[in-house]
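# Examination of the molecular architecture
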Amino acid sequence: MYKKLEMFYEGKAKRVYKTVVDQEYIVSYKDDATAFNGEKRGTILNKGEVNNQMSAMIFKLLQELGVENHFIALINEREMLVKAVEIIPLEVIVRNITAGAMAKRLGLEEGIRMKFPVLEFSYKNDQLSDPFINDDYAVALNIASQWEIQCIRNMALKTNEILREFFIEKNILLVDFKLEFGRYENRIILADEISPDTCRLWDATNNEKLDKDRFRRDLGKVEEAYQEVLNRLKA
Ligand code: 5GP
């Protein structure tokens, strides 16, 4: 029913294919895992299936609650049909609890709950290891317009509100996450994926990490953590 044409883009975790419809792509999620800008490589068994299904579930929820996104339909366990957006080369990161690069940069311990969610931007560029920038850089360098940045900011913070509540019902803390946005028919819509690859997710009872940090930091039980998140979301 959904016909894949030539591959249009291959990233570290996904392949994107053209379809017979100009405005639609097929995204196929891989099991390949990379960290530290590709320096660490590996495979997480069934990651593609978990990330595809979890992203589909979350994109549907966000759509229902007014955050327009690229998801159209789930095709099979590893593939989804999406709107063909023009990706804006910004990594939009929302943080609720200190962790990762922020904790390192500021010499903070992980796990401090902040007074309000913090939004930050990185310029999406592998050669430069996605450097930290602010919204002034983005506008001054024509990466995005002021209006686009405002849309992105509003949508990212609304996504955070929705997802924090969604995850805590599953006894999961949403520590931080990365979003990507795209241009579609003169609008800005949410794109890419929302999965344990792109979110820090901690068990709310014991702070156990249920995300890609298990791979990045060699903590073991990586596949089990991804599956655990999907199982809790489906329950
Ligand atoms: P940090 O800036 O602390 O490394 O990452 C903050 C959040 O954004 C984490 O949830 C992390 O998984 C996500 N993130 C940041 N950069 C990337 C990236 O290049 N790829 C992926 N998959 N996630 C990222």
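Residues numbered from 1 in each chain as written. Predicted model: local features only at pLDDT ≥ 70, side-chain atom pairs only at ≥ 80, totals over all residues. Heavy atoms only, no water.

### Quick look at unusual backbone geometry
With a phi angle near 50°, F36 is a residue other than glycine that sits in the positive phi range. Tracing the backbone shows F36 in the loop between strand 4 (32-35) and strand 5 (40-43). One non-glycine residue, E185, lies in positive phi territory at about 45°. Assignment of secondary structure puts E185 in the loop between strand 12 (172-184) and strand 13 (187-191). (Helix = DSSP H or I, 4+ residues; strand = E, 2+ residues; numbered from the N terminus.)

### Quick word on the site of the ligand
The environment of the ligand is made up of 14 residues, and the closest members are R95, A101, D176, R200 and R216. A101 places a main-chain nitrogen or oxygen 2.8 Å from an oxygen atom of the ligand. The separation between an oxygen atom of the ligand and a polar side-chain atom of D130 is 3.4 Å. Within the complex, 80% of the 490 Å² of free accessible area of the ligand lies under protein. Mapped by element, the contributors of at least two residues to the shell around the ligand are strand 9 (90-97), helix 2 (100-106), strand 12 and strand 14 (199-203). Here the shell around the ligand is composed, by residue class, of four nonpolar, two polar and eight charged. (Near = heavy atom within 4 Å. Polar contact = N/O pair within 3.5 Å; in protein donor to acceptor, adjacent residues only side chain to side chain. Areas by Shrake-Rupley, 256 points an atom, 1.4 Å probe, with all protein chains shown as cover. Nonpolar A, V, L, I, M, F, W, Y, C, P; charged D, E, K, R; others polar.)

### Thoughts on the UniProt feature "domain: SAICAR synthetase/ADE2 N-terminal" (unreviewed entry) in the protein
UniProt records the feature "domain: SAICAR synthetase/ADE2 N-terminal" (unreviewed entry) at residues 8-232, using the numbering of this structure. Within residues 8-232, the helical portion is 31% and the strand portion 35%, while the C-alpha atoms at the span's ends are 34 Å from each other. (UniProt positions renumbered as here; feature names shortened; annotations may be inferred.)

### What about the nonpolar core?
L90, V92, F167, F181 and I194 are the most contacted members of the largest nonpolar core, which totals 56 residues. With nine residues, helix 4 (residues 146-168) is the largest single contributor of residues to this core. Residues within four places of L90 in sequence aside, it is in contact with F121, S122, K124, I133, A138, I143, A144, I149, I152, L179 and E180. Counting residues in each nonpolar core, the second largest holds five residues, with A99, L173, V175 and W202 among its members. (Core = buried A, V, L, I, M, F, W, Y, C linked by side-chain atoms within 4.5 Å. Buried < 20%, exposed > 50% of the residue type's maximum accessible area, 1.4 Å probe, protein only. Contact = heavy atoms within 4.5 Å.)

### A short note on the side chain of K47
Counting through the fold element by element, K47 comes out in helix 1 (residues 47-64). Owing to a relative accessible area of 1%, K47 belongs among the buried residues under this scheme. In this structure, K47 is in contact with A13, K30, D31, D32, A33, D197 and Y226, ignoring residues within four places of it in sequence.

### Comments concerning helix 4
Look at helix 4: 33 Å from first C-alpha to last across 23 residues, which is about the 33 Å you get at 1.5 Å a residue. Inspection of helix 4 places E148, I149, C151, I152, M155, A156, T159, N160, I162, L163, F166 and F167 among the buried residues, and these make up the whole buried set. (Expected span 1.5 Å × (residues − 1).)

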